Amino acid sequence: MSLKALFSGVAVAVFGLALSPTLAEAKGEKFVLISHAPDSDSWWNTIKNAIKVAGQQMDVTVDYRNPTTGDLTDMARIVDQAAASNPQGIIVTIADYDVLKEPIGRAVKKGIPVITINSGTREQSKQLGALMHVGQAEYDAGYGAGMRAKAAGASNFLCVNHYITNPASVERCRGFAEALGQKLSDQMLDSGIDPTEVQTKVTAYLRAKPNTNAILTLGPNSAEPTIAALDQMKMAGKVTFGTFDLSGKISEAIKSGTIAFAVDQQPYLQGYLPVVLLTNLARYGVMPSNDISSGPGFVTKDNIALVEKLAGEYR
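A brief report on the enclosed structure follows. Being a predicted model, the structure only gives us computed values, none of them experimental.

Before going further, it helps to examine helix α6 (residues 138–151). With 14 residues, α6 extends 20 Å from end C-alpha to end C-alpha; this agrees with the ideal 20 Å at 1.5 Å per step. Buried within α6 are the following residues: E138, A141, G142, A145, G146 and A149. Relative to the axis of α6, the buried residues are bounded by an arc of 140° and lie together on one face. Those residues of α6 that are buried lie in contact with β4 (114–118), α7 (167–179), β8 (214–217), β9 (240–244), β10 (261–264) and β12 (297–299). Looking one or two residues past α6, G153 carries a phi angle of roughly 95°, positive in sign.

See the structure below:
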């Protein structure tokens with residue numbers, strides 16, 4: 001056979017493969033991300049943006065679903081509804097393992113690929129049969145925040161928990177307490193999510209316990225009313241104040257010295273990466289074998305300029 005004939009044959013074979021329909025050419029897959037957050041929780045806007053960007057880039061559809069009031073029984077129902085729609089993958093938080101293990105388990109048993117994010121632990125994710133977990137270890141993040149507060153000389157603390165029914169939020173407070181060498185007990189405040197109520201409860205606590213020298217809030221819903229309470233009491237900058245997550249007001253408080261640090265779990269990655277990974281699984285059958293730690297990182301005065309313009313959208 002001549003070289004010309006040989007290369008002609010190779011060309012035909014190569015272009016023949018390129019033109020034949022394959023799994024890799026599939027587009028338009030559908031995924032569902034289910035969170036535990038109520039509609040009022042603005043922190044999830046970053047994750048909503050992440051799945052929008054990932055959906056556009058991968059040419060897939062990603063639906064965001066959540067219980068409007070944060071009711072976890074309602075969330076369990078949403079998981080079952082999502083599984084019944086037969087998506088190519090489900091992304092879900094483990095807000096309460098006991099409540100969600102059965103509906104998530106049913107989705108896995110049905111053969112739907114599941115990636116867990118945000119809440120819960122790697123161990124729980126594996127027990128559920130999920131492919132991986134993308135998030136941060138909540139106890140470890142709280143402990144890291146507590147060590148920063150301890151280094152600043154803090155001892156007596158308040159942990160403002162705006163979502164106390166979520167076990168992951170309690171783990172944050174517990175880690176903070178134990179890093180300070182204390183038990184959580186009544187130093188965790190069930191603040192609720194209403195801004196006026198949070199501010200009122202924080203103010204009352206600080207008046208009752210004026211020796212409090214450290215505060216941890218668990219996100220913008222508790223951080224922003226706490227900032228207002230400290231401003232009103234003229235205590236801003238006089239206590240070591242740490243928070244989880246970022247917002248415009250939190251960024252301003254970091255720059256002013258009211259907040260010493262924010263724990264950044266990089267929620268954008270929690271929304272973006274599972275969509276990309278599930279798309280590659282659907283098209284090419286590939287999936288990393290390890291979990292992904294998206295945090296914790298710490299935002300302070302030293303690096304706030306790098307992230308403040310991205311808060312609420314990418315950070």
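Further notes follow.
With that out of the way, let us pick up the sheet that holds β8. Read from one edge to the other, the open sheet built from six strands follows the order β7-β6-β8-β9-β10-β12, with strand pairing classed as mixed. Each end of this open sheet is capped by a strand with a single partner; those strands are β7 (188–190) and β12. Within this sheet the neighbouring strands show an average axis-to-axis angle of 20°, counted without direction. Pairing of strand β6 (residues 157–161) with β8, which is carried by four bridges, proceeds in the parallel orientation. When the bridges of β8 are listed, F157 appears paired with A214. Running at roughly 165° to β6, helix α8 (residues 195–208) makes contact with β6, β7 and β8 of the sheet.

As a further point, take the packing of helix α3 (residues 72–84) against helix α4 (residues 97–109). At a minimum axis distance of 9 Å, the contact between α3 and α4 shows a crossing angle of 0°. Classified by the angle between their axes, α3 and α4 sit roughly parallel to one another. Between α3, through L72, T73, M75, A76, V79, D80 and A83, and α4, the contact on the second element is made entirely by V99, L100, P103, I104, R106 and A107. Its residues assigned to classes, the contact of α3 with α4 comprises 10 nonpolar, one polar and two charged.

For the rest of this paragraph, the subject is α8. At 3.6 residues per turn, the α-helix brings residues three or four places apart onto the same side. Compared with an ideal rise of 1.5 Å per residue, which puts 14 residues at 20 Å, α8 spans 20 Å between its outermost C-alpha atoms and is within 8% of the ideal. Looking at the buried positions of α8, the neighbouring elements they touch are β6, β7, β8 and α9 (220–232).

A few words on the state of the cysteines. Applying the stated criterion across every chain yields a total of one disulfide. A sulfur-sulfur distance of 2.0 Å marks the disulfide that ties C159 to C173. Across the S-S bond linking C159 and C173, the dihedral sits near -70°, which makes this disulfide left-handed. Of this pair, C159 sits in strand β6 while C173 sits in helix α7, placing them 14 residues apart in sequence. We note that C159, like C173, is buried.

This part covers the sheet that holds strand β2 (residues 61–65). With parallel pairing, the six strands of this open sheet are ordered in space as β2-β1-β3-β4-β5-β11. In this open sheet, the two edge strands, each paired with only one partner strand, are β2 and β11 (292–293). Here strand β3 (residues 89–93) runs beside β4; their pairing, made up of four bridges, is parallel. Its bridge partner being in β4, V92 is matched across the sheet by T116. Sheet strands in contact with helix α2 (residues 45–58) are β1 (30–34) and β2, and its direction is about 165° off that of β2.

Thresholds, definitions, all that
Residues numbered from 1 in each chain as written. Predicted model: local features only at pLDDT ≥ 70, side-chain atom pairs only at ≥ 80, totals over all residues. Heavy atoms only, no water. Helix = DSSP H or I, 4+ residues; strand = E, 2+ residues; numbered from the N terminus. Expected span 1.5 Å × (residues − 1). Buried < 20%, exposed > 50% of the residue type's maximum accessible area, 1.4 Å probe, protein only. Arc of directions from axis to C-beta. Contact = heavy atoms within 4.5 Å. Pairing = 2+ DSSP bridges. Axes fitted to C-alpha atoms, helices over the stretch in contact; angles between N-to-C directions. Parallel < 35°, antiparallel > 145°, perpendicular 65-115°, else oblique. Nonpolar A, V, L, I, M, F, W, Y, C, P; charged D, E, K, R; others polar. Disulfide = S-S within 2.5 Å.

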